[in-house]
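The lines below spell out each chain.
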Amino acid sequence: VPSGIGIHGTGLEAMFKKKLNAIVVVHNETVFWITCSQSDNGRCVVQMPLEQVLADNRMSAQIPATARGNYKTLCIVPDHWFGMERYPFQSPKRSLIEPFLERKLAAAYPERKAVRHFFNYKRVAAGSGGHELLAYFLQDEKGYRLYDALAKMNVAPRQITTPAFL
């Protein structure tokens, strides 16, 4: 997973300012591609069963050129594909926070080797004083499998989020 790919929660307005080719939505075990180009008027151009997308990377032929391109899509997955943890942490320095969370999440979820690439966080005031980190991360195995399948089809998402974060 390339650096810069991750989970988005708050601050999505900056992401929407970047040019997206498509929005990929997973809903009720179906994957929908919604184009962002003016020529397609933001319509759903393809829909496929999730299991078919996960099993067959030849599905890319069904995706129009206007919806293709690695890191030019936003992927919206079900809320229950995400988890959240709280960790006390005082430093505001990103250079300390990110390695700390990578270690904590990798230790807490050793079966999810890629979790270190699929998280984001928010630093908040703790109820007992000081600060803590709210780490939210992709926890469902389908999310990792979907990312890999989309990458093989040349439609890897730039960001992954949930309806709750939108």
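Up top you'll find the structure we're talking about.
What you are looking at is a predicted structure, and each value in this text was computed from that prediction instead of being measured.

Chemist: With reference to specific residues and values, describe helix α3 (residues 94-108).
Modeler: Each α-helix turn comprises 3.6 residues. Residues three or four places apart therefore point the same way. For α3, with 15 residues, the first-to-last C-alpha span of 21 Å sits near the 21 Å given by 1.5 Å per residue. When α3 is considered as a whole, its buried residues turn out to be Ile 97, Phe 100, Leu 101 and Leu 105. Down the axis, α3 shows its buried residues gathered within 120° of arc, on one side only. The exposed set on the far side of α3, more than 90 degrees from its buried face, consists of Ser 95, Arg 103 and Ala 107.

Chemist: Kindly report on the nonpolar core, identifying the contributing residues and their values.
Modeler: Membership of the largest hydrophobic core comes to 41 residues, with the highest contact counts inside it found for Trp 33, Val 77, Leu 101 and Leu 146. When residues in this core are grouped by element, the largest group, 5 residues, is from helix α4 (residues 141-152). Leu 20, Ile 23, Val 25 and Leu 74 belong to the second largest nonpolar core, which has 5 residues in total.

Chemist: Residue-level account of the packing of aromatic side chains, with values.
Modeler: Tallying each qualifying case throughout the model produces 7 aromatic pairs. Both rings, one in Phe 118 and one in Tyr 144, keep their centres 5.4 Å apart while their planes meet at 75°; by these two values the pair is edge-to-face. Remark: Tyr 144 occurs in helix α4 and Phe 118 occurs in the loop between α3 and β7 (119-125); sequence separation between them is 26 residues. On the accessibility criterion, Tyr 144 (6% relative accessible area) is buried.

Analysis parameters
- Residues numbered from 1 in each chain as written.
- Predicted model: local features only at pLDDT ≥ 70, side-chain atom pairs only at ≥ 80, totals over all residues.
- Heavy atoms only, no water.
- Helix = DSSP H or I, 4+ residues; strand = E, 2+ residues; numbered from the N terminus.
- Expected span 1.5 Å × (residues − 1).
- Buried < 20%, exposed > 50% of the residue type's maximum accessible area, 1.4 Å probe, protein only.
- Arc of directions from axis to C-beta.
- Core = buried A, V, L, I, M, F, W, Y, C linked by side-chain atoms within 4.5 Å.
- Phe/Tyr/Trp six-rings, centres within 6.5 Å; stacked < 30°, edge-to-face > 60°.

Everything listed here is a matter of coordinates, which is why it stays silent on function.
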